[in-house]
Amino acid sequence: MSAESASAIPRSQVDLLDFIDWSGVECLNQSTSHSLANALKQGYREDEGLNLESDADEQLLIYIPFNQVVKLHSIAIKGPEEEGPKTVKLFSNKEHMGFSNVNDFPPSDTIVLSPDNLTGKPVLLKYVKFQNVRSLTIFIEDNQSGSDVTKVQKICLYGTTVETTDMKGLKKIEDGH
Amino acid sequence: MVLEATMICIDNSEWMRNGDYSPSRFQAQSDAVNLICGAKTQSNPENTVGVLTMAGKGVRVLVTPTSDLGKILACMHGLEIGGEMNLAAGIQVAQLALKHRQNKKQQQRIIVFVGSPIKHEKKLLEMIGRKLKKNSVALDIVNFGEEDDGKTEKLEALLAAVNNNDTSHIVHVPPGPNVLSDVLISTPIFTGDGEGASGFVAASAAAAAGGASGFDFGVDPNLDPELALALRVSMEEERARQEAAAKKAAEEAAKQEKGGEQPSSSQDATMTERATTPASGADNKATDLMDDENALLQQALAMSMDDPASSHDVRDTDMSEAAAVDPELALAQDSTKDSSNPADMSKLLADQSFVSSILASLPGVDPNDPSVKDLLASMQSQSETDKKKNEDKEPKEEDK
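Residues numbered from 1 in each chain as written. Chains lettered and ligands numbered in written order. Predicted model: local features only at pLDDT ≥ 70, side-chain atom pairs only at ≥ 80, totals over all residues. Heavy atoms only, no water.

Draft legend 1. The overall build of chain A, seen in detail. Across its full length, chain A holds two helices and 12 strands. Along chain A, helices (α) and strands (β) appear in the sequence β-β-β-α-α-β-β-β-β-β-β-β-β-β when read from the amino end. Looking at chain A as a whole, 49% of its 177 residues qualify as buried. In chain A, the proportion of contacts linking residues at least 24 apart, taken out of those at least 6 apart, comes to 83%. In the form shown here, chain A has an accessible surface area of approximately 8100 Å², with 47% of it arising from carbon and sulfur atoms. (Helix = DSSP H or I, 4+ residues; strand = E, 2+ residues; numbered from the N terminus. Buried < 20%, exposed > 50% of the residue type's maximum accessible area, 1.4 Å probe, protein only. Contact = heavy atoms within 4.5 Å. Areas by Shrake-Rupley, 256 points an atom, 1.4 Å probe, with all protein chains shown as cover.)

Draft legend 2. Just helix H5 (residues 151-162) of chain B, in detail. Helix length check: H5(B) (12 residues) gives 17 Å between terminal C-alpha atoms against 16 Å at 1.5 Å per residue, within 8%. At its buried positions, H5(B) is contacted by helix H3 (87-99), strand S4 (107-114), helix H4 (122-134), strand S5 (137-143) and strand S6 (169-172) of chain B. (Expected span 1.5 Å × (residues − 1).)

Draft legend 3. Representation of the sheet that holds S6(B). All names here are of chain B. Pairing is mixed in the open sheet, where six strands are placed in the order S3-S2-S1-S4-S5-S6. Bordering the open sheet on either side are strand S3 (60-66) and S6, each of which pairs with just one other strand. The average angle at which neighbouring strand axes cross in this sheet is 10°, direction not considered. Across the sheet, helix H1 (residues 25-43) is in contact with strand S1 (4-10), strand S2 (48-53) and S4; its angle to S1 comes to roughly 175°. (Pairing = 2+ DSSP bridges. Axes fitted to C-alpha atoms, helices over the stretch in contact; angles between N-to-C directions.)

Draft legend 4. Seen up close, H1(B). Look at H1(B): 27 Å from first C-alpha to last across 19 residues, which is about the 27 Å you get at 1.5 Å a residue. With 17 of its 19 residues buried, H1(B) lies for the most part within the structure.

Draft legend 5. Structural view of the interface of chain A and chain B. Taken together, the contacts link 10 residues of chain A with nine residues of chain B. When chain A packs against chain B, close to 910 Å² is buried across both sides, 49% of that on carbon and sulfur atoms. At the surface where chain A touches chain B, the tally comes to two salt bridges. Linking A:Asp57 and B:Lys134 is a salt bridge whose minimum nitrogen-to-oxygen distance equals 2.8 Å. Inspection of the region where chain A meets chain B yields four residue pairs in polar contact (both at pLDDT 80 or more). Residues of the side of chain A that touches chain B, tallied by class, amount to three nonpolar, five polar and two charged. (Buried area = accessible area lost by both parts, 1.4 Å probe. Salt bridge = Lys/Arg side-chain N within 4 Å of Asp/Glu carboxyl O. Polar contact = N/O pair within 3.5 Å; in protein donor to acceptor, adjacent residues only side chain to side chain. Nonpolar A, V, L, I, M, F, W, Y, C, P; charged D, E, K, R; others polar.)

Draft legend 6. Up close: the packing of H3(B) against H4(B). Residue and element names in this part refer to chain B. Their axes nearest at 10 Å, the elements H3 and H4 cross at an angle of 10°. On the basis of their axis angle, the class for H3 and H4 is roughly parallel. Along its contact with H3, which presents Leu 87, Ala 88, Ile 91, Gln 92 and Gln 95, the element H4 presents Leu 124, Leu 125, Ile 128, Lys 131 and Leu 132. For the contact of H3 with H4, the residue count by class is seven nonpolar, two polar and one charged. (Parallel < 35°, antiparallel > 145°, perpendicular 65-115°, else oblique.)

Draft legend 7. Expanded view of the environment of A:Asn38. Residue and element names in this part refer to chain A. Looking at the element boundaries, Asn 38 is found in helix H1 (residues 37-40). Judged by relative accessible area, which is 9%, Asn 38 ranks as buried. The sequence separation of Asn 38 and Ile 155 amounts to 117 residues, and the corresponding C-alpha distance is 9.4 Å. Beyond its immediate chain neighbours, meaning those up to four positions away, Asn 38 contacts Ser 33, Tyr 44, Arg 45, Leu 50, Asn 51, Leu 52 and Gln 153.

Draft legend 8. Region of the structure containing the pattern of salt bridges. Residue and element names in this part refer to chain A. Applying the stated criterion across every chain, the model contains 19 salt bridges over all chains. Measuring nitrogen to oxygen at the nearest pair gives 3.6 Å for the salt bridge that ties Arg 45 to Glu 46. For Arg 45, a relative accessible area of 3% gives the class buried. Judged by relative accessible area, which is 44%, Glu 46 ranks as partly exposed. For Asp 109, the salt bridge goes to Lys 126, with nearest N and O atoms at 4.0 Å.

Draft legend 9. Inspection of the pairing of S4(B) at higher detail. Residues and elements named next belong to chain B. Extensive coverage of S4 is indicated by the burial of seven of its eight residues. Bridge analysis of S1 against S4 gives six bridges, and the strand direction is parallel. Note on S4: the bridge partner recorded for Ile 8 is Ile 111. As judged from the seven bridges shared by S4 and S5, these two strands associate in the parallel manner. Bridged to Gln 108 within S5 is Val 137. For the crossover from S4 across H4 to S5, the handedness is right-handed. (Right-handed = clockwise from strand over helix to strand, strands pointing away.)

Draft legend 10. Structural detail: a nonpolar patch on the surface. Residue and element names in this part refer to chain B. Nonpolar side chains collect at one region of the surface, where Leu 297, Leu 301 and Met 305 lie side by side and expose about 320 Å² of accessible area between them. Looking at the element boundaries, Met 305 is found in helix H12 (residues 286-306). Overall, Met 305 belongs to the exposed group, its relative accessible area being 68%. (Patch = residues over 30% accessible without salt bridge, like charges linked within 9 Å, V, L, I, M, F, W, Y side chains within 5 Å.)

Here it is as structure tokens:
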């Protein structure tokens, strides 16, 4: 299933960065010098030089809990053309998955990224499947070139909260089309 | 004080009958396992340890990761030697056991004892190592026993595949007179646990050093117990002094120590308590316990003969704390044995470095905690009032 990119984020969607519960964030198979913070955190992810890199092989398993229930609308993944992620599976509300049981559950959504997506354009998700998300697990299965190391420069999650709405965040994010 | 879940993989294959480690490879391995379990559970009370055997009929998990030291030690009894070790299966089962640990916040670690030849290919081991690294499981390898060509190479390859930022280690223990446990104590397998464990371990090393299998002083404890005891005591004193000097930078805390020192020695009841608390002795050697008890008994007698009144002053705190710190306290007793004078006792308490060394070995006490620092400050002033009290009491007694 190829990924549809959104030309602009609809007005109600905000960057869910503020709702991430950082104490529970985990990433399996990340290289210690190139950790998840490089791809998720505010300042680091904008820096081109800082990437999240995989360690023993090309797969990555990222677990992101939120501090409240959110709806996930789209996701933007930015990475280098060669080693950027290709097949990405998203699981909602599955705690503490490991590489061994990641194939036991059907993912809530699967996206296959093209090099175009990797420039950072948001990819629309099956919104109906992400209505009640407490935690998100991102499984990066392989990368564009099939190399042993997958590099991710930025991961952005867009959506809304269910109970509260952050009024400051409500602004139209244009993607320049 | 890392929060960790550990699985220990024991080699109980036929190769373990060999006696090149005293008393036998299997016995030495068991002792080392007991020591590790104790150290892990002491360094952080929420740590869990599990044990499995790799040989025999097949890989068998004896106990799933638990923080109950008694359960772990109990399952080590009645283990049979036989069969061939299956290293790959053992590590994989250990990984599975860790995956299903109850507290997901614990770091995962596997400690494997390899004493027999490895029949697996290097490639297979590397693959297993990579899988462990991918799931962020650390691996400690104890290479002892058989020196098979290629065994060391395979284990080094396994370690290289697993090692992530130096969290995994390998230790080679060649056969010889040195006790396996003692060699392990100085390795990162123990010292990687941080201060709490190393304090415990050093203390148990002191206890173990005088054990029956050692005869470190060239004197048979059976033939001349008093001499052996005296030698051991002076060695422990020296060690305690060195430890105190090394840990001088640590902060102090109060009540736990102050009371802890006295009551544990001067009561017969506490000796039985000591015998039962697992924290007090990593080793099951009855002889060591007996020696410790004798030392304490003599200490108690000496002090009660000198000044029964003053020993009451400092007796008012938790005995459970005392039990936990026993080996160190025994050292404290011994060092004060010569000058069993009440004034000296308070001097000892006032001796910051000594108190801090006691504290550093107490589990669950963080010397840097501000509340702990406050307690110490109050203790300091209290020890001074104790001194005054003692001085008051002595003239009173003289009056009588």
